Amino acid sequence: MIRWRRHERADTTAERFPTETLEGPLLEVRDVKTHFRTSRGVVHAVDDVSFSLDRGRTLGVVGESGSGKTVLSRSVMGLLPKKHVIREGSIKFEGREIGNAGTDEMRHIWGSQMAMIFQDPMTSLNPVMKVGKQITESLLYHLDISRTYAAELAEALLTSVGIPEPKRRLNEYPHQLSGGLRQRVMIAIALACGPKLLFADEPTTALDVTVQAQILDLLQEQQRERFMAMILVTHDLGVVAGRTDEIAVMYAGKIVEKAPTSVLFRNMKMPYTEALVHSIPKLADKSHTRLNVIPGRPPQLVNPPVGCRFAPRCPHAQEKCVHEEPPLRESDVPGHLFACWFPVGTPEGNEALARNRAAGVPAAVGRDGAATASMGSSAAELG
Amino acid sequence: MPEQPPESGGTALADEVERTGLVADAVTVEIAGVTAGVEPARKRRLGIGAWLAIVWLVGLILAAIVAPILPIAGPNETFTSIQRAQAPFSTINETGGGTTTPFAEGHLLGGDRNGHDLLSRAVYGARNSLIVGFGAIGFGIIAGGLLGLVAGFYRGKIDTVIVGFLDIMLAIPALVLALSLTAVLRGRVGDLWILVIALGIISVPILGRITRANTLVWSEREFVTAARAQGAKNWRIMTREVLPNVLPAMFSIALLGVAVVIAAEAALRLLGIGLSITDPSWGGIINDGRDFLTQGITAHVVFVGSAFIFLTILSLNYLADVVRARFDVREAAI
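In what follows, the accompanying structure is described. None of the values given here were measured: they were computed from a predicted structure. (Residues numbered from 1 in each chain as written. Chains lettered and ligands numbered in written order. Predicted model: local features only at pLDDT ≥ 70, side-chain atom pairs only at ≥ 80, totals over all residues.)

Quick look at the sheet that holds strand β7 (residues 197-201) of chain A now. Remark on secondary structure: sheet strands pair via backbone hydrogen bonds, oriented parallel or antiparallel. Residue and element names in this part refer to chain A. One open sheet accounts for eight strands, arranged β6-β7-β8-β3-β9-β10-β12-β11; its pairing is mixed. Taken across any chain shown, the strands that pair with only one partner, and hence form the sheet edges, are β6 (114-117) and β11 (329-330). Across four bridges, strand β3 (residues 58-62) lies against strand β9 (residues 246-251) in parallel orientation. Paired with valine 62 across the two strands is valine 249, which belongs to β9. (Pairing = 2+ DSSP bridges. Helix = DSSP H or I, 4+ residues; strand = E, 2+ residues; numbered from the N terminus.)

Here you go:
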């Protein structure tokens, strides 16, 4: 059995620990498109997304449900099925093109170079396999180590992700662990082979609020220790606020704003980003304060609208927005990209907002004047 | 909140707590119960039903193995006492009188029309019936399970081909298929193995479809993607991640299948294929007693054969439930 495993293990030491230079970004994604062929038509789940990520850095990907965050991370990792999926664009990992890599090629990268933590720790662990085994499996597969050493490593990993009594936990089944512990186990599995890039796909969504911060702190701590790059996918701007170097805001399959974290929060240009920020309930609010919501729904991605995809819900929207798609352009701060004709905090943006408010359009926004007003005032503060 | 009494020398404190009417000890006990709770739950005692089932199955299998050295008659020995006992329907009736009971002295379960001892035939029959039942279903589980697993996991063209093949097999009446299979196999292998293979092939499409349906569901689960994201190969994902989750469903159908196959063996015997009269089996006992089902006293022959099948399958199913309840590690157990 063990012999067979070793034979199966494909990585050589040289492949696993490449000695090539550490120049250039770890991950470079250029014009990636992921479309799904469905019976209703082609769904443009991810459209022309580009970004790059350096070693040891963290990118936050933010957007509401259905904005393509998860599809993007799975596209980059190559985890989407081959059938009915149209994929275009280039994905370079350590300078190597992996956009079109087959499963066999990706298998050397999965686990040992890139790993992923999934949203729901309840379903992402095998219910009939002991925790210890789930961790040692990939250790044995990727690294040339003995079974006893793998078991020791597994125990050390559990300790490092903050699981008390790791020895006992190794012999337990997932259902014997709480949600937080399970997510810690998932993190231990993902970290087992020392990946250079970690995808965390809404790692705290399924967890209790009290555990969320612990898990995020753990991720951050592990990332620093291992000098690992991380892509943190979430719908919660609060989650990414203090923990990322850069944030990409996605809407309807596109990146609509991308900036270093501090710049984004200080000087957001895209009305969608602003709306997301305002939808976070504030501690200082009185109880029973009406929550700020973004009116309407994200567009159908089968036939995405011609102009700006956020236009129907945008308080700044003008005629131009509906007909012409705004390009992703750089603001006066380097590295800050946004796609908007009437950006927040600019004269033309304020003018557009004022005009809309006077005219009571768009209807979706005009309906709740209070929300719009508070959005406007906060925008002024932030601007 | 009063302090928890320390591990050692806690009695004094506990007494004091008790005296002062505080509930701290109750809390401690509860905490102790929780931490210790996981282990004792595992060591729960088996119920009386489970023990009866174990005794029946173990006794039956042992008896079948050591049948020749047991103090019972040979399966093909003829006893005039039995024939005489069944006199009203026997040719001996004319020469010597008879009683109206099928039970003759020294024969616990009585005998059949041929004067054979039924206990002996049931014990020797257990050999054939169990071999055919488990052999055929074992064959079905391996072949059907493999096909179903591959079809459900890979889907697409492979799935279409396999499902089409299974559907074709399902469309042929089982007995006709068994008849033709026996015709092909006759002479190449022993009679018993003809039955195992023929009935095994018949059980393939049923087990295959069950496996496929469950594999489809489990392959979609996140932990399969997670395993792939860790670099696991398809074969590993199939055998380590999906199969253990699919097995319970396969086994629950398979246990029922064992009963069906044991009965089917009797049906084939009726059609003149399979085992001969000198090879006893439970299905054979039922078959032998079939003609006299309506004729009063010898109706018990059918009953004896059925009772052996019934008790065995009941024990297997009951035990399977107990085992599953005890070792089920999935979330459903909570």
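Let us keep going from here.
Now for the interface of chain A and chain B. Across the boundary between the two partners, chain A contributes 23 residues, which contact 20 residues of chain B. Contributing elements (two or more residues each) for the side of chain A that touches chain B: β6 and α5 (131-142) of chain A. Of all the elements, α5 of chain A adds the most residues to the side of chain A that touches chain B, at three residues. Among the residues making up the side of chain A that touches chain B, the classes are represented as 12 nonpolar, eight polar and three charged. (Contact = placed C-beta atoms within 7 Å. Nonpolar A, V, L, I, M, F, W, Y, C, P; charged D, E, K, R; others polar.)

Residues and elements named next belong to chain A. Taken together, four strands build an open sheet; the order of strands is β2-β1-β4-β5 and the sheet is antiparallel. Edge positions in the sheet fall to β2 (41-53) and β5 (96-97), since each has one partner strand and no second. The sheet contact formed by strand β4 (residues 85-93) and β5 spans two bridges and is antiparallel. Along β5, the bridge assignment pairs lysine 92 with glutamate 97. Lying on the sheet, helix α3 (residues 69-77) is in contact with β1 (27-38), β2 and β4; it crosses β2 at an angle near 70°. (Axes fitted to C-alpha atoms, helices over the stretch in contact; angles between N-to-C directions.)

Ala188, Val249 and Val256 of chain A together with Leu199 of chain B are the most contacted members of the largest nonpolar core, which totals 158 residues. Ranked by the residues each element gives to this core, the list is headed by helix α5 (residues 118-154) of chain B, at 15 residues. When residues no more than four places from it in sequence are discounted, the contact partners of leucine 199 of chain B are Val132, Ala136, Ala178, Val261 and Ala264 of chain B. (Core = buried A, V, L, I, M, F, W, Y, C linked by C-beta atoms within 7 Å. Buried ≥ 20, exposed ≤ 12 C-beta atoms within 10 Å, placed from the backbone.)

Turning to the pairing of β4 of chain A, a few remarks are in order. All names here are of chain A. Two strands pair when backbone bridges link them, and β1 and β4 are joined in this way by eight bridges, in the antiparallel orientation. For leucine 27, the partnering residue across the bridge sits in β4 and is phenylalanine 93. Counting the residues in the hairpin turn of β4 and β5 gives two residues, including glutamate 94, whose phi is positive at 50°.

To continue, consider the packing of helix α8 (residues 179-191) of chain A against helix α9 (residues 209-226) of chain A. Residue and element names in this part refer to chain A. Packing of α8 against α9 brings their axes to within 10 Å, and their N-to-C directions diverge by 15°. Relative to α9, the element α8 lies roughly parallel. As for how α8 packs across α9, the hand of that crossing is right-handed. Contacts between α8 and α9 involve Gly179, Gly180, Gln183, Arg184, Ile187 and Leu191 on the former and, on the latter, Val211, Gln214, Ile215, Leu218, Leu219 and Gln222. Taken together, the residues of the contact of α8 with α9 sort by class into six nonpolar, five polar and one charged. (Parallel < 35°, antiparallel > 145°, perpendicular 65-115°, else oblique. Left-handed = near helix turned anticlockwise from the far one by under 90°.)

All names here are of chain A. If you check the backbone angles, phenylalanine 227 has positive phi at about 50° while not being a glycine. In this fold, phenylalanine 227 is placed in the loop between α9 and β8 (229-234). The backbone of histidine 288 shows a phi angle near 65°, a positive value even though the residue is not glycine. Residue position: histidine 288 is located in the loop between α12 (271-278) and α13 (319-323).

Keep in mind that these numbers describe shape and distance, not what the molecule does.
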